[in-house]
Amino acid sequence: MTESDTQKHSVHTLVFRSLKRTYDMFLSNQNHPTAQDEQAESIFRKTKANDQYGTVLALPKGMKPHVQYHHETSETQNKDTSDSNDVLQNGNEIVNERLSSDFADSDVSRPMYADTQPANASNALVLSSKQSAANQLIPRKTSMMPKPQWHAPWKLMRVISGHLGWVRCIDVEPANEWFVTGAADRVIKIWDLASGTLKLSLTGHVSTVRGVAVSTRQPYLFSCGEDKQVKCWDLEYNKVIRHYHGHLSACYALALHPTLDILVSSGRDSVARVWDMRTKAQIHCLTGHTNTVADVKVQAADPEIITCSHDSTIRFWDMVAGRTYCTLTHHKKSVRSLAIHPKWYTMASASPDNIKEWKFPKGEFIQNLSGHNAILNALAANADNVLVSGADNGSLYFWDWKTGYNFQRLQTKAQSGSIEPEMGIYAMTFDHSGSRLITCEADKTIKIYKEDETATEQSNPVDWKPDIFKRKRY
């Protein structure tokens, strides 16, 4: 017989053929397998019990059992208990006999099992201070993945045109009546939040306006730009009243202290500068970053100043001492934006590798929000635990802050007349009610989003599946 006549079979087929032949050889009837050997099964159980639980099968003298049996126990339960005790006792005897025969001719002392332990020794796995609670094991709570909170989907409400360049920054007035934007056309514009109409235009910068901030304590508006200038505008006269000189390169971000007359600006000179709002004096020059400081946040509680940089680090600053007391190096790529939760003592940072959430004051890592694989320029969060991230490719991702669940994805549409690559989102913020999301985009428009009032949990259910591997260390 040649090799070509021999039929080749897979290993899977050959194994099952061998299995069938074995059954045919050793079993008279395949539908009725042979009964288990009770004696062999009993010896196996006893041996296993002594091997794994031999030291705790019998309680030391004077120790009460875990379960107190009632006097009303039925005869069946008493019989089962006595049978199980007999099984354990027989198992102990078998193991002890074998051990004694093995070690009879040697000087090695026999292991001390429960029946040979001294009365004052305790074999309890968990010791307790109270004698009544001794030997009780505390059950470990199973880790539960919390289900995401339901959020209504967001939809585009209004598109506002008026700037002649990329819109780069935004801030909302404390009374929630108007908002201010800065753009690459060097003009600062103030818009009515309800109607979207233009109220005022401020000119004075000679290059792109990169940061604006409205004071909550004075009628002042602060702005900074790529012309290295930081300006203070008096909104009662609509003109510049102060200049803050000191930046050596373009200024990218601006933040105001909520309770003190302090202004913090940062930029391409790799430092953040702390200014006295009234005297225009520089209080601190916060050095430590090795690349552009892209964003800065200020809050009343410690840490008061938080900066993120293109050197992929985030720094917490002591404003009194003017130095870093914590540096977060978890990101692998440049960090371009920060968002502080309005209610919780936490924050989020945006980078192309991940969005990460942190806990104040020590910068403890909470979780990763993965999936928005693009250059992220902006983050915004509201009190309803909605976190929004905007990217260079015009994508908007909506996240549940608690669980990191991505419940919605939107793609912005470029304004007619602009080229397709001009879909980047450079800045965004929620208004003070948290019901409107305002985005600044590369197609020279400002877009306002709102929640869909017609959506319900039945029409837009949470399509969530727990992923136990999601929460990584870094």
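Residues numbered from 1 in each chain as written. Predicted model: local features only at pLDDT ≥ 70, side-chain atom pairs only at ≥ 80, totals over all residues. Heavy atoms only, no water.

**Quick word on the overall build of the protein**
Part 1: Broken down by element type, the protein carries 3 helices and 28 strands.
Part 2: Evaluated residue by residue, the protein yields a buried proportion of 44% over its 474 residues.
Part 3: Of the contacts made within the protein by residues no fewer than 6 positions apart, 47% connect residues no fewer than 24 positions apart.
Part 4: Here the protein displays about 27,100 Å² of accessible surface, and carbon together with sulfur accounts for 51% of that area. (Helix = DSSP H or I, 4+ residues; strand = E, 2+ residues; numbered from the N terminus. Buried < 20%, exposed > 50% of the residue type's maximum accessible area, 1.4 Å probe, protein only. Contact = heavy atoms within 4.5 Å. Areas by Shrake-Rupley, 256 points an atom, 1.4 Å probe, with all protein chains shown as cover.)

**Topic: the sheet that holds strand 18 (residues 337-340)**
Part 1: Pairing in this open sheet of 4 strands is antiparallel, and the strands run 18-19-20-21 from one edge to the other. Two strands lie at the open edges of the sheet, namely strand 18 and strand 21 (364-369), each paired on one side alone. Shown here is a sheet whose adjacent strand axes are inclined to one another by a mean of 25°, direction ignored.
Part 2: Bridge count for strand 20 (residues 355-359) against strand 21 is 5 bridges, and the pairing is antiparallel. Bridged to glutamate 357 within strand 21 is glutamine 367. (Pairing = 2+ DSSP bridges. Axes fitted to C-alpha atoms, helices over the stretch in contact; angles between N-to-C directions.)

**What to know about the packing of aromatic side chains**
Part 1: The final tally for this structure, using the stated rule, is 12 aromatic pairs.
Part 2: Taken together, the ring pairs connect Trp154, Phe398, Phe407 and Phe430 into an aromatic cluster.
Part 3: The side chain of arginine 210 reaches across the aromatic face of tyrosine 252, ending 4.0 Å from its centre.
Part 4: Lying across the ring of tyrosine 237, lysine 239 places its NZ or CZ 5.8 Å from the centre. (Phe/Tyr/Trp six-rings, centres within 6.5 Å; stacked < 30°, edge-to-face > 60°. Lys NZ or Arg CZ within 6 Å of the ring centre and 35° of its normal.)

**Description of empty space enclosed by the protein**
Part 1: Within the structure shown, the criterion is met by 1 cavity of 30 Å³ or more.
Part 2: If you add up the space inside the largest cavity, you get close to 30 Å³. (1 Å grid on protein atoms, 1.4 Å probe; cavity = no way out; pocket = protein on both sides within 12 Å on 5 of 7 lines; lining within 4 Å. Points joined across faces, edges and corners; volume = space filled by probe spheres on them.)

**Concerning the pattern of salt bridges**
Part 1: Here the structure, examined in full by the defined rule, presents 8 salt bridges.
Part 2: In this structure, glutamate 226 engages arginine 210 in a salt bridge whose closest nitrogen and oxygen atoms are separated by 2.8 Å. One end of the pair, glutamate 226, is in the loop between strand 7 (220-225) and strand 8 (230-234); the other, arginine 210, is in strand 6 (residues 209-214), and 16 residues separate them in sequence.
Part 3: For glutamate 226, a relative accessible area of 29% corresponds to the partly exposed category.
Part 4: Classification of arginine 210 by relative accessible area gives buried; the value is 15%.
Part 5: With a shortest N-O distance of 3.4 Å, aspartate 261 and arginine 278 are connected by a salt bridge. Residue aspartate 261 is located in the loop between strand 10 (251-256) and strand 11 (262-267), and its partner arginine 278 is located in the loop between strand 12 (271-276) and strand 13 (282-287); the two are separated by 17 residues in the primary sequence.
Part 6: For aspartate 261, a relative accessible area of 24% puts it in the partly exposed group.
Part 7: With a relative accessible area of 43%, arginine 278 lands in the partly exposed category.
Part 8: Here the salt bridges share partners, and the residues they tie into one network are Arg217, Asp261 and Arg278. (Salt bridge = Lys/Arg side-chain N within 4 Å of Asp/Glu carboxyl O.)

**Quick notes on the pairing of strand 14 (residues 293-298)**
Part 1: The element strand 14 is largely enclosed, with a buried count of 5 among its 6 residues.
Part 2: Here 5 bridges tie strand 14 to strand 15 (residues 305-309), and the two strands are oriented antiparallel to one another. In the sheet register, valine 298 faces strand 15, and the bridge partner there is isoleucine 305.
Part 3: Between strand 14 and strand 15, which pair antiparallel and follow one another directly, the connecting turn spans 6 residues.

**Digging into the side chain of aspartate 234**
Part 1: If you trace the backbone, aspartate 234 turns up in strand 8.
Part 2: Buried and without a salt bridge, aspartate 234 has arginine 242 as its closest oppositely charged side chain, separated by 7.5 Å.
Part 3: Once residues lying within four places of it in the same chain are set aside, the contact partners of aspartate 234 are Pro219, Tyr220, Lys239 and Ile241. (Lys, Arg positive; Asp, Glu negative; His and termini not counted.)

**Observations concerning the state of the cysteines**
Part 1: What the rule picks out here adds up to 0 disulfides.
Part 2: Counting only cysteine sulfurs, cysteine 440 is the nearest neighbor of cysteine 169, a cysteine outside any disulfide, at a range of 6.9 Å. (Disulfide = S-S within 2.5 Å.)

**Focus: the pairing of strand 10**
Part 1: The element strand 10 is extensively covered by neighbouring structure, given that 6 of its 6 residues are classed as buried.
Part 2: Judged from the 5 bridges that link them, strand 10 and strand 11 form a sheet pairing that is antiparallel. By the bridge assignment, alanine 255 is partnered in strand 11 with valine 264.
Part 3: Once strand 10 ends, the chain turns through 5 residues before running back antiparallel as strand 11.

**Brief notes about the environment of aspartate 311**
Part 1: Looking at where aspartate 311 falls in the secondary structure, it is placed in the loop between strand 15 and strand 16 (314-318).
Part 2: Between the C-alpha atoms of aspartate 311 and threonine 290, which are 21 residues apart in sequence, the distance is 6.0 Å.
Part 3: Non-local contacts of aspartate 311, meaning those with residues more than four positions away in its chain, are made with His289, Thr290 and Asn291.
Part 4: Within the local environment of aspartate 311, its side chain forms a polar contact with the side chain of serine 309, the two groups lying 3.1 Å apart. (Polar contact = N/O pair within 3.5 Å; in protein donor to acceptor, adjacent residues only side chain to side chain.)

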